[in-house]
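Single-letter residue listing:
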Amino acid sequence: RLWLDEQLLYTCAYFPVPDATLERAQVAKMDHVCRKLRLRPGDRVVEAGCGWGALALHMARHYGAEVKAFNISTEQIRYGRERARAEGLAGRVEFVEDDYRNIQGRFDVFVSVGMLEHVGKEKYAALREVIARCLRQDGGRGLLHFIGRDRVRPLNAWIRRRIFPGAYPPTLREALEGIFEPGGLSVVDDENLRLHYARTLEHWLGRFEGAVEQVRSMFGERFVRAWRLYLA
Ligand SMILES: C[S@@+](CC[C@H](N)C(=O)[O-])C[C@H]1O[C@@H](n2cnc3c(N)ncnc32)[C@H](O)[C@@H]1O
């Protein structure tokens, strides 16, 4: 909350113009995702790894979708449910506290933003099976958004230990070979948002520095040094 946007997205934003605020860029990112998915009123959407719930609520409010959003974080699910109730969207957005591997039912759309890098390569087959069994066979659409790499190599040991425990950002080829090709999924679009991520980090760092005394008093100097290094 101290350095994210007001809706608490914590993945890369999308800057329609370089000087857009972080708030505007995160809304633009959600619209970008919805446009790529060709979201239509009445679409049944399943989201894997929904964070604090902003995208699920956005899809329901602005695109008329019915969303089931999965997440293993109790705190985030509770927050999402409260927002849905407060904003009159509880009938159209269901927040489910469960692992994405337990998704059941058929949907028009599968979306996941920022979860794949935490899934681990050894579980790509499981993710692929979930997508195959939950997407409707005729005309199902999906979007996987993840931090990737240009070359196969382990994540920097410091980042793995301090910031993203257990994470593995795949190359595009690894994602294609592990998920898309064996799943018979047709890739219609691929986009690299790296410069948008750099700008997002600039915003997060600016807000972090603005709140640094509060961050220090809450989490201590080691935390401040680690996050300053990561965000920079
Ligand atoms: C980097 S966050 C991204 C959150 C959100 N999509 C966003 O853009 O802000 C990754 C999310 O995936 C969730 N997650 C991680 N492993 C999961 C699993 N096995 N099943 C469901 N959700 C999972 C985390 O709790 C977290 O909410």
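In short, a report on the structure.

Parameters at a glance
- Residues numbered from 1 in each chain as written.
- Predicted model: local features only at pLDDT ≥ 70, side-chain atom pairs only at ≥ 80, totals over all residues.
- Heavy atoms only, no water.
- Helix = DSSP H or I, 4+ residues; strand = E, 2+ residues; numbered from the N terminus.
- Contact = heavy atoms within 4.5 Å.
- Areas by Shrake-Rupley, 256 points an atom, 1.4 Å probe, with all protein chains shown as cover.
- Lys, Arg positive; Asp, Glu negative; His and termini not counted.
- Charge placed at Lys NZ, Arg CZ, Asp CG, Glu CD.
- Pairing = 2+ DSSP bridges.
- Axes fitted to C-alpha atoms, helices over the stretch in contact; angles between N-to-C directions.
- Near = heavy atom within 4 Å.
- Polar contact = N/O pair within 3.5 Å; in protein donor to acceptor, adjacent residues only side chain to side chain.
- Phe/Tyr/Trp six-rings, centres within 6.5 Å; stacked < 30°, edge-to-face > 60°.
- Buried < 20%, exposed > 50% of the residue type's maximum accessible area, 1.4 Å probe, protein only.
- Salt bridge = Lys/Arg side-chain N within 4 Å of Asp/Glu carboxyl O.
- Arc of directions from axis to C-beta.
- Core = buried A, V, L, I, M, F, W, Y, C linked by side-chain atoms within 4.5 Å.

**A look at the overall build of the chain**
So, step 1. Across its full length, the chain carries ten helices and five strands.
So, step 2. The dimensions of the chain, computed from C-alpha atoms along their principal axes, are 50 × 45 × 35 Å.
So, step 3. For the chain, restricting intrachain contacts to residue pairs at least 6 apart in sequence, the fraction spanning at least 24 positions comes to 65%.
So, step 4. Of the accessible surface of the chain, which amounts to about 12300 Å², a share of 51% is contributed by carbon and sulfur atoms.
So, step 5. In the chain, which carries 37 positive and 31 negative side-chain charges, the distance between the mean positions of the two groups comes to 3 Å.

**Structural notes on the sheet that holds strand E4 (residues 109-113)**
So, step 1. With parallel pairing, the five strands of this open sheet are ordered in space as E3-E2-E1-E4-E5. On the outer flanks of this sheet lie strand E3 (93-97) and strand E5 (141-145), each paired with one strand and no other. With direction set aside, neighbouring strand axes in the sheet form an average angle of 15 degrees.
So, step 2. The strands that helix H3 (residues 74-86) touches are strand E2 (66-71) and E3; relative to E3, the one it contacts most, it runs at about 165 degrees.

**Points about the site of the ligand**
So, step 1. The local shell around the ligand holds 17 residues, among which Tyr10, Thr11, Asn71, Gln76 and Val113 are the closest.
So, step 2. At 2.8 Å, a backbone N or O of tyrosine 10 approaches an oxygen atom of the ligand.
So, step 3. Separating an oxygen atom of the ligand from a backbone N or O atom of glycine 51 is a distance of 3.2 Å.
So, step 4. When the free accessible area of the ligand is taken as 590 Å², the share hidden by the protein chains comes to 88%.

**Looking at the packing of aromatic side chains**
So, step 1. This structure, assessed with the given rule, holds nine aromatic pairs.
So, step 2. Between tryptophan 3 and phenylalanine 223, the ring centres sit 6.3 Å apart and the planes meet at 55 degrees, which makes this aromatic pair tilted. Of this pair, tryptophan 3 sits in the segment before helix H1 (22-36) while phenylalanine 223 sits in helix H10 (residues 221-231), and the two are 220 residues apart along the sequence.
So, step 3. A relative accessible area of 12% means that tryptophan 3 is categorised as buried.

**A few points about the side chain of glutamate 47**
So, step 1. As for its placement among the helices and strands, glutamate 47 is situated in strand E1 (residues 44-48).
So, step 2. Notably, glutamate 47 is buried but unbridged: the nearest opposite-charge side chain belongs to lysine 29, and the N-O separation is 8.9 Å.
So, step 3. Look past the residues within four positions of glutamate 47 in its chain and what remains in contact with it is Leu55, Ala56, Met59, Lys68, Ala69, Phe70 and Val111.

**Thoughts on H10**
So, step 1. Among the residues making up H10, those that are buried are Val224, Ala226, Trp227, Tyr230 and Leu231. Looking straight down H10, one finds that the buried residues subtend no more than 170 degrees of arc, so they occupy a single side. In this structure, H10 carries Arg222, Arg225 and Leu229 as exposed residues pointing more than 90 degrees from its buried face.
So, step 2. On its buried face, H10 is in contact with helix H6 (157-162), helix H8 (194-210) and helix H9 (212-219).

**Some thoughts on the pattern of salt bridges**
So, step 1. Enumeration according to the criterion identifies 18 salt bridges in this entry.
So, step 2. Among the salt bridges present, the one from glutamate 191 reaches lysine 36, with a minimum N-O distance of 2.6 Å. Residue glutamate 191 is located in the loop between helix H7 (172-180) and H8, and its partner lysine 36 is located in helix H1; the two are separated by 155 residues in the primary sequence.
So, step 3. Exposure remark for lysine 36: the relative accessible area of 32% places this residue in the partly exposed category.
So, step 4. Each member of the salt-bridge network shares a partner with another, and the members are Arg44, Asp108, Arg136 and Asp138.

**A word on the nonpolar core**
So, step 1. Membership of the largest hydrophobic core comes to 31 residues, with the highest contact counts inside it found for Trp3, Phe164, Trp204, Phe208, Trp227, Tyr230 and Leu231.
So, step 2. Mapped onto this core, the elements with two or more residues apiece are H1, H8, H9 and H10.
So, step 3. The element that contributes the greatest number of residues to this core is H10, accounting for five residues.
So, step 4. Among all residues touching phenylalanine 164, those that are not within four sequence positions of it are His118, Ile147, Leu155, Ile159 and Tyr230.
So, step 5. In terms of nonpolar packing, the next biggest core, distinct from the first, is built from 27 residues, Leu39, Val45, Ala84 and Val109 among them.

**A word on the side chain of asparagine 71**
So, step 1. The topology assignment puts asparagine 71 in strand E2.
So, step 2. Within the local environment of asparagine 71, its side chain forms a polar contact with the backbone oxygen of glycine 51, the two atoms lying 3.1 Å apart.
So, step 3. Look past the residues within four positions of asparagine 71 in its chain and what remains in contact with it is Cys50, Gly51, Gln76, Ile77, Val96, Glu97 and Asp98.

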